[in-house]
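Letter by letter, the chains look like this.
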Amino acid sequence: MEHKFQINLRGIIDLLSHHLYSGPEVFVRELLQNATDAIRARTKIDPAHAGDIHIEIHQAPGKTPSLVISENGIGLTPDEVHTFLSTIGLSSKRAAEGERPTDFIGQFGIGILSCFVVSDSIVVYSKSAKEKTPAVEWRAKPDGTYTIRELDRDLDPGTQVWLTAKVGCEEHFAPDRVRDLCRHYGGLLPYPIRITSGKVTVVANEHGAPWRQEYRSERERTRALMDFGRETFDVPNFLDAIPLRAKSGDVDGVAYVLPYAASLAAKRTHRVYLKNMLLSETAENLLPDWTFFVKAVVNANDLRPTAARESFYEDDRLAAARDELGVCLRRYLVELAEKDPRKLDRLIALHGLAIKALATQDEDFYKMVIDWLPFETSEGEMTFGEYRKQHDVVRYVPTVDQFRQVARVAQAHGLAVVNAGYTYDAELLARAEELVGVPTEKLDPSTLTHTFDELSLPEQEQTAEFLRAAETVLKPFRCEPEVKKYRPKELPALYTTTGEGRFFRSLEQSKEIANPLWSGVLDNLSKKERTPSAFAQLCFNFENALVRRLTTVRDRAVLHRSIQMLYLQSLLLGHHPLSGKEMQLLNDGLLALIEWGIGLQTGGEKE
């Protein structure tokens, strides 16, 4: 035996109001949507027909507020009222166009039910413009019952919907509220929406979409778009307005460049219209993921809405539209680089970190933006494009500390070194050769000294005693000395180390503050066999006058103390944290210096 599903209309209404729709106010959207579709249907049989939507609000003192929305659209015959108004899920638009409506906004046959969210009854008067049939009245209740009767009097073609506010929903019938909702949902509709309350009538959508209007100049157009963005999103200072257009889905609109840094983790939502009716203010799937720096308002005439009409259905057409809109934004960035680089600099200064993050994940985006991205170099800040125009190879160090070690020396020797120690920079530079064909070289600071000039034999003999003293002083710190000639001559010594050296150095420092349990673990790690590269180097500069003088000092105490101080100074210049042992050495050196100064003063007074 076959059975039919039973429909609980109250349950359906609860589903609509609490789960499918975002709030009871969407009944205005559904009424405007049905009115717009009805007018469009009538223009198919009468292309010269001028559509009109009129909302009357009645608020007599002591009486329940009511609302009437009238339109001069296609209207319904008595049979169509039975078929389409009284059958849930069957839409006149779908039946007219098959399973894939093209011109109409609604298509699910459930919109009229949204009125039950704010009213305990729905009364519809309709007169068909297609057939000479009597005008008809349809009265429906939320318990699922309805009545239909043909009217004795005639009506103009079109449809009227009468609603009376149910208890608790009176606020949705207030004139200001209805006007705001009409502007909100129907601000771009091509047919005037007149709202009458008492003797006052206003038009809710007199301005329309600003990006479709003609302007006397580009400046005036930009000002109008910026004003629209400010009013729509309540953001006072967008950086720019970018026109959007996609043939797929017949999409047009504007993207606004955010005036604040956008997080990659934040949802990227946009205001979208379907056939000029607001669909959603939080649509997430219309623009490519990399367009995190804009907030858009767009209309689509040929994309499919979801059943809730608050987003677009994910299909091939939406994907194609998304790609085309991405092209619009790419073109904007390219033109900005060519025509207004200062504005591009402001955009990158604001959204640079997010742009770099995305470039590490998206190869096409990387190729588009890499030349515009700024990097810190030993020659000052410059974009990647500026750097590669001046240098055949991109040399970089992966940490800020290494950059601080080598920047002055590299600059003095004509080497431009990029500081890749900031977030995403090392990842970006590491892929430059693969993606844009620019050779890169990860610079090891310890190898930088290989480019320094060696000493002559007489100079080596002069520095031999100094080197032996330095070996004695630096051995406890796992550091090996050498003497070379390099620039700048003001720098007396350069401390360099490898990754392995940094590891063991940090290990020793961690042991100083670890509890006994972890200290034992770290001890075991420190017993790992060390290669020669695990030792740091302190390269003394023979071009420096102080170093030259020290090579002639024969007082071992003075020489050792001087070498210790130069070692500590080179660590501090490289922003290397001092260990407890090194901190003690610094304290001892400073105290000795003070005592020495006091001694000189005392000796001078005695004299």
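- Within an unreviewed UniProt entry, the label attached to the protein chain reads Chaperone protein HtpG, and the organism entered is Fimbriiglobus ruber.
- According to UniProt, the comment filed for the protein chain under the heading Sequence similarities (unreviewed entry) is "Belongs to the heat shock protein 90 family."

### Regarding the overall build of the protein chain
Line of reasoning, step 1. Across its full length, the protein chain holds 20 helices and 21 strands.
Line of reasoning, step 2. Split into buried and exposed, the 607 residues of the protein chain put 49% on the buried side.
Line of reasoning, step 3. Carbon and sulfur atoms make up 51% of the accessible area of the protein chain, which amounts to about 30,600 Å² in all.

### Points about the confidence of the model for the protein chain
Line of reasoning, step 1. Taken over all residues, the pLDDT of the protein chain has a mean of 85, while the share at 70 or more is 87%.
Line of reasoning, step 2. Averaged over each element, pLDDT in the protein chain is lowest for helix α4 (residues 92–97) (48) and highest for strand β10 (residues 251–257) (96).
Line of reasoning, step 3. Across residues 93–109 the pLDDT falls below 50, and counting only partners more than four positions away or on other chains, this stretch makes 54 contacts in the model.

### Focus: the UniProt feature "binding site: ATP" (unreviewed entry) in the protein chain
Line of reasoning, step 1. Under the local residue numbering, the UniProt record ascribes the feature "binding site: ATP" (unreviewed entry) to E30, N34 and T159. These residues run over 130 residues, yet every pair of their C-alpha atoms falls within 14.0 Å of each other.
Line of reasoning, step 2. Counting through the fold element by element, N34 comes out in helix α2 (residues 26–45).
Line of reasoning, step 3. Along the chain, T159 turns up in strand β6 (residues 158–165).
Line of reasoning, step 4. For T159, a relative accessible area of 12% gives the class buried.
Line of reasoning, step 5. In this structure, T159 is in contact with I69, S70, E71, G75, V124, Y125 and S126, ignoring residues within four places of it in sequence.

### A look at helix α3 (residues 78–85)
Line of reasoning, step 1. Taken together, the buried positions of α3 are P78, E80, V81, F84 and L85. When α3 is viewed along its axis, its buried side chains cluster within an angular range of 155 degrees and face the same direction.

Thresholds applied
For every chain, the first residue of the written sequence is number 1, and numbering continues from 1 along that sequence. Only residues with pLDDT of at least 70 are given local features in this predicted model, and only at 80 or more are side-chain atom pairs given and counted; all residues enter the totals for whole chains, interfaces and linings. The side-chain numbers reported here are obtained from all heavy atoms of the structure, hydrogens and water having been left aside. UniProt positions are given in the numbering used here, feature names are shortened, and annotations may be inferred rather than shown by experiment. Runs of E in the DSSP output that reach at least two residues are strands. Runs of H or I that reach at least four are helices, and both are numbered from the N terminus. When accessible area is computed with a 1.4 Å probe and restricted to protein chains, residues below 20% of their type maximum are described as buried, those above 50% as exposed, and intermediate ones as partly exposed. Exposure was quantified through the Shrake-Rupley algorithm and a 1.4 Å probe, taking into account, for residues, occlusion by the shown protein chains and nothing else. As a per-residue quantity, pLDDT reports the predictor's confidence and falls between 0 and 100. Here, two residues are considered to be in contact whenever any of their heavy atoms come within 4.5 Å of each other. The directions from the helix axis to the C-beta atoms are what the arc is built from.

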